[in-house]
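# Structural description and commentary
Read off the chains here:
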Amino acid sequence: MRLKIDLYKENFSMPIGYNHILQGTIYNMLNYDDGAFYHDVGYQVDDKIYKMFVFSNLFGSYTIQNKSMIFKNHFSFYVSAMDDYFIERIYEYCSLHKYLTMLNQKVMIKDIHILKENRIQGVEKVWIKTLSPISVYSTQDDFTTYYSPIQKEFEQLIRRNLLNKVYAYDLNYQQEVFEILEVKNVKERMVKYKDCFYKAYHLKMKIEVSPNLLHLIYNSGISSKGSCGFGMIEVCHEKNDLSI
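Reading the values: rules and limits
- Residues numbered from 1 in each chain as written.
- Predicted model: local features only at pLDDT ≥ 70, side-chain atom pairs only at ≥ 80, totals over all residues.
- Heavy atoms only, no water.
- Pairing = 2+ DSSP bridges.
- Helix = DSSP H or I, 4+ residues; strand = E, 2+ residues; numbered from the N terminus.
- Axes fitted to C-alpha atoms, helices over the stretch in contact; angles between N-to-C directions.
- Contact = heavy atoms within 4.5 Å.
- Parallel < 35°, antiparallel > 145°, perpendicular 65-115°, else oblique.
- Nonpolar A, V, L, I, M, F, W, Y, C, P; charged D, E, K, R; others polar.

### Description of the sheet that holds strand E15 (residues 233-236)
- Judged by pairing direction, the sheet is antiparallel, and its 4 strands sit side by side in the order E13-E14-E10-E15 without closing on themselves. The outermost strands of the open sheet, each flanked by one partner alone, are strand E13 (178-193) and E15. Looking at each pair of strands side by side, their axes are set apart by 30° on average, direction ignored.
- Bridging between strand E10 (residues 124-130) and strand E14 (residues 196-209) involves 6 bridges; their strand directions are antiparallel. Looking at the pairing, Lys 125 lines up with Glu 208 of E14.
- Lying on the sheet, helix H5 (residues 211-220) is in contact with E10, E13, E14 and E15; it crosses E14 at an angle near 150°.

Now the structure itself:
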């Protein structure tokens, strides 16, 4: 389930590395118990924890001043989750409140949209586009290796991440399909989250995918760190303008 939240504030200022601020804003829309569950517990498999939600970059007209993004007035973001309950609580909060507080700034909630997910009926080849960049990496002995979309590990680790989410969320998925067929318009980004920098990629990607896995990708993100604002995608069509 996915929401688009439209906000308004003249000359709204955010640091370029704003992911943790937007993440905190989302958690603050939940009550204490729900926020504690998604922040501290989540869904577990082995020693890994998955929050099963994802959010996008901020979208709107802005300028860069002194390492900050200054949004002219209107801006928005998207949030998705596998749990309808999670999205319902966010929608309820936005319906009952006129303002959000973001980085000590009072921001008006202009509108909130429930977006329809267009579910595919069988294995299909579809184009997807990032709404927040994908970060794919492995860690061994405190050393992190990042992988680009042209490396085979990129697809392998995405597939492993999806499989772990299937187990963590206890989904009865069988004989699922995920294969990357084509990648284009790749733009590398270094994204700051709290005190760390992550190498990530905005891109467009053609994938062959089964309905269940596309549903999982749409609602929880395609890469790790979805709950930190990485790996949100939308499904698009090659004939449309896919510029990012």
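Text resumes after the structure shown.
### So, the packing of helix H4 (residues 152-168) against H5
- The geometry of H4 relative to H5 is characterised by a closest axis approach of 11 Å and an angle of 90° between their N-to-C directions. Looking at the two axes, H4 sits roughly perpendicular to H5. Contact with H4, carried on its side by Leu 162, Lys 165 and Val 166, involves Leu 213, Leu 216, Ile 217 and Ser 220 of H5 and no other residues of that element.
- Of the residues that constitute the contact of H4 with H5, the class distribution is 5 nonpolar, 1 polar and 1 charged.

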